[in-house]
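Remarks on the overall topology
Okay, here's what each chain looks like letter by letter:
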Amino acid sequence: MPELIRYASDSGNREDEVYFTLFDQYINLYNWDGASAEYERACANYLNNLSDTVIDHLCEASIRYCNDFLDAIGEDPKQFENSRDVLALIYPNSLSIPDPKGRAEPVIHMELNCEWEEEHGMEWVVRGDKVLYVGAYNGENPWSDFEPKASWNFA
């Protein structure tokens, strides 16, 4: 595997890059809250070791979001032979490292671009091996309580 995190040498706000195995590419890594390098690495490792169950849930939720959006704009839903086929329409942009607020549990808080919603893109939040949020990018707080699920949350 390539280097997990590539640090920008002159980055005062810690805008770096993290390798994302699922998409075989580097994406932006934002650590605006000043989380420790250890916590940053824990989140990056978590991102690259998501279980098949979590990945499948992310894909299924992304398909629900895609087809709900397409229905809302009067377009036909997309059909996928396999739920992971949706990944071909998704382009990860960044992993944001939140302030852990005294916690050690890593989280995934991602901004992604997608072919069906080019203006607002998509957001994924995963914590504790549970997909908590999939939908339009709203800048969700990964420490929020996501229960009960709102209609705009496709997780």
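Refer to the structure printed above.
About the criteria used
Residues numbered from 1 in each chain as written. Predicted model: local features only at pLDDT ≥ 70, side-chain atom pairs only at ≥ 80, totals over all residues. Heavy atoms only, no water. Buried < 20%, exposed > 50% of the residue type's maximum accessible area, 1.4 Å probe, protein only. Helix = DSSP H or I, 4+ residues; strand = E, 2+ residues; numbered from the N terminus. Pairing = 2+ DSSP bridges. Salt bridge = Lys/Arg side-chain N within 4 Å of Asp/Glu carboxyl O.

Some remarks on the pairing of strand β6 (residues 122–127)
- Burial analysis of β6 places five of its six residues in the buried class, the great majority of the element.
- Of the pairings in the sheet, the one linking strand β5 (residues 107–114) to β6 comprises six bridges and is antiparallel in character. Among the inter-strand pairings, Glu111 is bridged to a residue of β6, identified as Glu123.
- One ladder, built from five bridges, connects β6 with strand β7 (residues 130–135); its direction is antiparallel. Bridging from a neighbouring strand, Trp124 pairs with Val134 of β7.

Overview of the pattern of salt bridges
- Inspection of the entire model under this criterion finds three salt bridges.
- One salt bridge connects Arg6 with Glu17, and the closest N-O pair in it is separated by 2.5 Å. Of this pair, Arg6 sits in strand β1 (residues 5–6) while Glu17 sits in strand β2 (residues 15–20); the two residues are eleven residues apart in sequence, bridging distant segments of the chain.
- Accessibility expressed as a relative area gives 34% for Arg6, which makes it partly exposed.
- On the basis of relative accessible area, Glu17 is assigned to the partly exposed category, the value being 27%.
- For Asp52, the salt bridge goes to Arg84, with nearest N and O atoms at 3.3 Å. Pair noted here: Asp52 is in helix α2 (residues 52–72) and Arg84 is in the loop between α2 and β4 (90–96), with a separation of 32 residues, a long-range link.
- For Asp52, a relative accessible area of 52% puts it in the exposed group.

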